[in-house]
Amino acid sequence: MINKLRRILRYIEALNNKRKLKFEIVVKNKIPRIQIKEKHEKKVKNITRFITAVGILISVVSFRAWYYSLGVAILIFVIGQIFEKIIFTYTIMMVQPLPEKWDGSKWSMMIVGYKNNKPILGFGFIDEIVAKDFFNTILRWNDGSYKNKNNIVISLVLEDGNNYSVHVYPNIERDFVIKSMKETNEHFK
């Protein structure tokens, strides 16, 4: 019984996630809005044009009683307003510089220590070309500076009692990223 309930819940969650890929309802300025990915923009505009065409057709071929025409016109107006308020979301990829000659098997060790009570971290490689490529990539993430200015993030993750992994990546809050996001927001307003 519990397994059946779990399967039903997973199915409902999968349907909800599939729906989120197409549209979401968000509240903006205390007003619920529909948010749709930009790839569906053409479909939405076609639906809006279709509703407008239906409205024109109904106004030409009117009902006998004026209140029927008025009711249909108000309904079409409301539906048109809902489609006007749709928010389109745009997906932008910002690709950071990547190592060109990366080979994880050439990364041989990590060096952890202290110098003047400050922790230091070192990387050891068995291939000079891979090492130079790795460090040049880190320099590009750090705008060519040898001192990290909050541009590079290093995470040491303890996997279990005997193993750990090291993750080195550019900070998402770098000046370059924030500036690019502002420019993108201005472009897609």
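Each chain carries its own residue numbering, running from 1 in the written order of its sequence. Only residues with pLDDT of at least 70 are given local features in this predicted model, and only at 80 or more are side-chain atom pairs given and counted; all residues enter the totals for whole chains, interfaces and linings. Values reported for side chains reflect all heavy atoms of the structure, with hydrogen atoms and water molecules removed beforehand.

Turning our attention to the nonpolar core. Side chains that are nonpolar tend, in soluble globular proteins, to be buried together. The biggest cluster of nonpolar side chains holds eleven residues, and these are Met 110, Phe 123, Phe 125, Val 130, Ala 131, Phe 134, Ile 138, Trp 141, Ile 152, Val 166 and Val 168. Here this core takes five residues from helix α4 (residues 128-141), the largest share from any one element. The residues touching Met 110, leaving out its near neighbours within four places in the chain, are Leu 121, Gly 122, Phe 123, Tyr 164 and Val 166. We define a nonpolar core as any set of buried Ala, Val, Leu, Ile, Met, Phe, Trp, Tyr and Cys residues linked to one another through side-chain atoms lying within 4.5 Å. For the exposure calls, accessible area comes from a 1.4 Å probe over protein chains only, and a residue counts as buried if that area is under 20% of its type's maximum, exposed if over 50%, partly exposed in between. Every helix listed is a DSSP run of H or I at least four residues long, and every strand listed is a run of E at least two residues long, numbered separately from the N terminus. Note on definitions: a residue-residue contact is assigned when non-hydrogen atoms from the two residues lie within 4.5 Å.

Residue Asn 116 is not a glycine yet carries a positive backbone phi of 55°. If you trace the backbone, Asn 116 turns up in the loop between β4 (107-115) and β5 (118-125). Overall, the relative accessible area of 69% leaves Asn 116 in the exposed class. With a phi close to 55°, Asp 143 is a non-glycine residue in the positive phi region. When you line up the elements, Asp 143 lands in the loop between α4 and β6 (152-158).

Another point: the pairing of β4. Only strands joined by at least two bridges in the DSSP assignment are considered to pair. Strand direction decides the pairing type here: β4 and β5, joined by eight bridges, are antiparallel. Bridging across to β5, Ile 111 finds its partner in Gly 122. Here β4 folds back onto β5, and the loop between the two strands holds two residues, one of which, Asn 116, carries a positive phi near 55°.

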